[in-house]
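# Examination of the molecular architecture
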Amino acid sequence: GESVGLHLPTLSVQEGDNSIINCAYSNSASDYFIWYKQESGKGPQFIIDIRSNMDKRQGQRVTVLLNKTVKHLSLQIAATQPGDSAVYFCAENRANAGGTSYGKLTFGQGTILTVHP
Amino acid sequence: SQTIHQWPATLVQPVGSPLSLECTVEGTSNPNLYWYRQAAGRGLQLLFYSVGIGQISSEVPQNLSASRPQDRQFILSSKKLLLSDSGFYLCAWSTGFDTEAFFGQGTRLTVV
């Protein structure tokens, strides 16, 4: 079936390095994507989103890239800090057959990012 | 500003006991509301969503039910808990159909 998934389950980086977390999706009808950060024992926290009419969007220290040709999404974190250590999820707003998603999100499995001082 | 409250934070319940988890949203009106469940080391699975008072849609067959008695109140219930109901339950809200969802802090449910 169609799904949203992540290429790498874990990523370890040194403080100050740039981090890249990848996500693949298979539903070409999806038109809205979100990256969430989840710290242990807490709810997911919104980081950045992107719509399918864009291929890049930047926030504070984060950039999301969308490649619709290969159905690939990535999150880039610049100058990664220990506080960035968490699980990162991509989520897809998947429209149903009638074209209305009602805001329902389909989540990938997550990537654990560990930042070493 | 909008806030979402979810309680309790942790809950240990015996098999066969009832369940009631409550979620309330402040600072907005007519939000879309969602209940997600997260198994250990996994992503989130949508259980229920609601676009208005009394309107509940279930995404997966299960031992749980949801209700929305007020505009900004969403309740997750069970009459008899199963061991497989253990997990991390998250309530979320959004303002529209193509916008981000904001999550509560979650309830860690352990059924023993």
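Note that the structure is predicted; figures quoted are calculated from it, not measured.

Rules behind the numbers
Residues numbered from 1 in each chain as written. Chains lettered and ligands numbered in written order. Predicted model: local features only at pLDDT ≥ 70, side-chain atom pairs only at ≥ 80, totals over all residues. Heavy atoms only, no water. Helix = DSSP H or I, 4+ residues; strand = E, 2+ residues; numbered from the N terminus. Rg over C-alpha atoms; globule rule 2.2 N^0.38 Å. Contact = heavy atoms within 4.5 Å. Lys, Arg positive; Asp, Glu negative; His and termini not counted. Charge placed at Lys NZ, Arg CZ, Asp CG, Glu CD. Buried < 20%, exposed > 50% of the residue type's maximum accessible area, 1.4 Å probe, protein only. Polar contact = N/O pair within 3.5 Å; in protein donor to acceptor, adjacent residues only side chain to side chain. Buried area = accessible area lost by both parts, 1.4 Å probe. Salt bridge = Lys/Arg side-chain N within 4 Å of Asp/Glu carboxyl O. Nonpolar A, V, L, I, M, F, W, Y, C, P; charged D, E, K, R; others polar. pLDDT = per-residue confidence, 0-100. Core = buried A, V, L, I, M, F, W, Y, C linked by side-chain atoms within 4.5 Å.

### A closer look at the overall build of chain B
The helix and strand inventory of chain B stands at zero helices and eleven strands. Tracing chain B from N to C terminus, the helices and strands come up as β-β-β-β-β-β-β-β-β-β-β. On C-alpha atoms alone, chain B measures out to a radius of gyration of 13 Å, which is about the 13 Å that the 2.2 N^0.38 rule sets for 112 residues. Overall, chain B is about 35 × 30 × 20 Å in size when its C-alpha atoms are taken along their principal axes. In chain B, once contacts between residues fewer than 6 apart in sequence are set aside, the share between residues at least 24 apart is 54%. Between the averaged position of the 7 positive side-chain charges in chain B and that of its 7 negative side-chain charges there is a distance of 11 Å.

### A look at the side chain of Thr107 of chain B
Residues and elements named next belong to chain B. As for its position among the elements, Thr107 is in strand 11 (residues 107-111). Since its relative accessible area comes to 0%, Thr107 is described here as buried. Of the polar contacts made by the side chain of Thr107, one reaches the backbone oxygen of Pro8; its length is 2.4 Å. Excluding residues within four positions of it along the chain, Thr107 makes contact with Gln6, Trp7, Pro8, Ala9, Leu11, Leu21, Gly87, Phe88 and Tyr89.

### What about the interface of chain A and chain B?
Contacts between the two partners involve 23 residues from chain A, matched on the other side by 23 residues from chain B. With both chains or domains summed, chain A and chain B bury close to 1,800 Å², and 54% of this area falls on carbon and sulfur atoms. Counting the contacts that link chain A with chain B gives one salt bridge. The interface formed by chain A and chain B holds five residue pairs in polar contact (both at pLDDT 80 or more) in total. For the side of chain A that touches chain B, the secondary-structure elements that each account for two or more residues are strand 4 (32-38), strand 5 (45-51), strand 9 (86-93) and strand 10 (105-107) of chain A. For the side of chain A that touches chain B, the element with the highest residue contribution is strand 4 of chain A, accounting for four residues. Residues that form the side of chain A that touches chain B fall into these classes: nine nonpolar, nine polar and five charged.

### Some thoughts on the side chain of Ser19 of chain A
One can find Ser19 of chain A in strand 3 (residues 19-25). The exposure class of Ser19 of chain A is buried, given its relative accessible area of 1%.

### Describing the confidence of the model for chain B
Across chain B, the average pLDDT comes to 93, with 100% of residues at 70 or higher. No element of chain B has a lower mean pLDDT than strand 6 (residues 55-58) of chain B, which averages 92, and none a higher one than strand 8 (residues 73-78) of chain B, which averages 97.

### Description of the nonpolar core
Generally speaking, soluble globular proteins have nonpolar side chains that are buried together. Of all hydrophobic cores here, the largest spans 21 residues; its most connected members are Trp35, Phe48 and Tyr89 of chain B. Listing elements by their share of this core, those giving two or more residues are strand 3 (19-26), strand 4 (32-38), strand 5 (44-52), strand 8, strand 9 (87-94) and strand 11 of chain B. Here this core gets four residues from one element, more than from any other, and that element is strand 3 of chain B. Listed in part, the 20 residues of the second largest apolar core include Phe33, Ile48, Leu73 and Tyr88 of chain A.

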